[in-house]
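In case you want the letters, here they are:
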Amino acid sequence: MSYLSFKQAINTSVKSLLTNKVRSFLTMLGIIIGVASVIIIMSLGAGAQSLILGQIESIGSNVVSITPGKSDDSGPPTSVMGIVVTSLTMDDFKSIEKVKKEIGIDSIVAYVNGAGTLSYKNNSYDSSFEGATKDYFDVEGGEVSVGRFFSEEETENMSKVVVLGNTVKKELFGDSNAIGEKIKINKQIFEVIGILEERGQIAFQNYDDKVILPLRTAQKGLIGIDYLNVIGLKINKNFDSDSVISEVEIILRDNHGIKDQSGESDDFSVRSLSELVDLITTVTDALKYFLALMAGLSLIVGGIGIMNIMLISVNERTREIGIRKALGASNKKIINQFLIEAIFLTFIGGIIGIIVGILISWLISIIITALGYDWAFVVSFGSVFVAVVISGLIGLVFGLYPAKKASKLEPVEALNYE
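### Considering the packing of aromatic side chains
Line of reasoning, step 1. All told, the structure shown has six aromatic pairs when counted by the stated rule.
Line of reasoning, step 2. Plain terms: the ring middles of tyrosine 120 and phenylalanine 173 are 4.2 Å apart, the flat faces sit at 40° to each other, and that makes the pair tilted. Residue tyrosine 120 is found in strand β2 (residues 105–120), and its partner phenylalanine 173 is found in helix α7 (residues 166–173); the two are separated by 53 residues along the sequence.
Line of reasoning, step 3. Ring centres of tyrosine 136 and phenylalanine 149 lie 6.0 Å apart, and the angle between their planes is 25°; this geometry places the pair in the stacked category. Of this pair, tyrosine 136 sits in helix α5 (residues 136–140) while phenylalanine 149 sits in the loop between β4 (144–147) and α6 (152–156); the two residues are 13 residues apart in sequence, bridging distant segments of the chain. Accessibility classification places tyrosine 136 together with phenylalanine 149 in one group, the buried group.
Line of reasoning, step 4. Positioned above the aromatic ring of tyrosine 207 is the side chain of arginine 199, whose terminal nitrogen or guanidinium carbon lies 4.1 Å from the ring centre.
Line of reasoning, step 5. The residue whose ring lies beneath lysine 210 is tyrosine 207, and the NZ or CZ to ring-centre distance is 5.1 Å.

### Topic: the side chain of aspartate 266
Line of reasoning, step 1. Within the secondary structure, aspartate 266 is located in the loop between α9 (241–255) and β12 (268–272).
Line of reasoning, step 2. A relative accessible area of 9% places aspartate 266 in the buried class.
Line of reasoning, step 3. At 2.8 Å, the side chain of aspartate 266 forms a polar contact with the side chain of arginine 253.

### Notes on the pairing of strand β11 (residues 230–235)
Line of reasoning, step 1. Here four bridges tie strand β1 (residues 63–68) to β11, and the two strands are oriented antiparallel to one another. Within β11, the position partnered with valine 64 by the bridge is leucine 233.
Line of reasoning, step 2. Relative to β11, β2 runs antiparallel, the two being bridged by six bridges. The residue of β11 that forms the bridge with serine 107 is lysine 234.

### Topic: the environment of leucine 396
Line of reasoning, step 1. Mapping leucine 396 onto the fold places it in helix α13 (residues 381–407).
Line of reasoning, step 2. For the pair leucine 396 and isoleucine 343, spaced 53 residues apart in sequence, the C-alpha separation works out to 5.8 Å.

What counts, and at which threshold
- Residues numbered from 1 in each chain as written.
- Predicted model: local features only at pLDDT ≥ 70, side-chain atom pairs only at ≥ 80, totals over all residues.
- Heavy atoms only, no water.
- Phe/Tyr/Trp six-rings, centres within 6.5 Å; stacked < 30°, edge-to-face > 60°.
- Helix = DSSP H or I, 4+ residues; strand = E, 2+ residues; numbered from the N terminus.
- Buried < 20%, exposed > 50% of the residue type's maximum accessible area, 1.4 Å probe, protein only.
- Lys NZ or Arg CZ within 6 Å of the ring centre and 35° of its normal.
- Polar contact = N/O pair within 3.5 Å; in protein donor to acceptor, adjacent residues only side chain to side chain.
- Pairing = 2+ DSSP bridges.

Next comes the structure, spelled out in structure tokens:
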């Protein structure tokens, strides 16, 4: 097709679409919604992914967690699935602590988790609590904003002291001073010795909703267990994480009497945050593309609308087609004319959809940022390119049948069509 013929075809397409503005817009609506949905989902997926990964990386990629229960490389450990596993103990913690400097560990902390009701005078608050050892902040980050953290001696002596997150403090004490006050946790009396600095939600944990006790106090006094839920490590940045993890695994296998060094018989899992980042990236990418695919199905609905409107257009312009064929227009030119109209219709719908999708994604990012989240507004060139290409292909595929139908009309029959 020559440039002049192509220009004439475009002009004819524009005139045809403008003749029935409302019908043309309603036809494009499926394409607009489909393309906008793909852009929005891809943008929200990228924003959510950057938020989660940013929060995890803010803790540090050199943080390693040891959890009880075996896991494969692509899944969570058994303990995360709600199954109680008791294979991690204080002996494991102490064995690693003894050699931590030699194998490249800066800090190590042991955790247990429980839940209970906190009460102060007439105020009560249901919350989970965490028993931990003294190096908690070295691994988790953060600090006490008011008061102090408990000492190693208080951990060993099972002292009934507690450090509260900001939200918990406000629920129980409001704006009053909490330091030195006595609260009850599951009807046992504890002294408040510190308030955590305000940190908000980081990597699936709300630090402002935390209640931290000495490990042995939580273990023996509140939960009644002698095992650990997690051991956290912070690896020295001058050491290779993989080699440190290998050393830790050897220590744990020796403690647990596991002779198989392949990892197949392990009753524990050692994971670095960098592995968690990779796992989350894989999961969020899969979810993002699946949702985008589901949203893209509306493009097929839009394509069916395009085909219907083009078939109507063929019927309405039968006499025009007959005149053009009588004047020498070939079947190819008739096909090209209607194909260009279909592609032009979907292309315009795709452009509008991209603009709508970007605007809605931008507004959502502003709202989420205003709520206090570190949300990135991301619209990838790839998603825009794919949206344009797919909308063009929809026009090509669904416009082909009406175009062929138009080209097969006999001039005499078309001229006599009423």
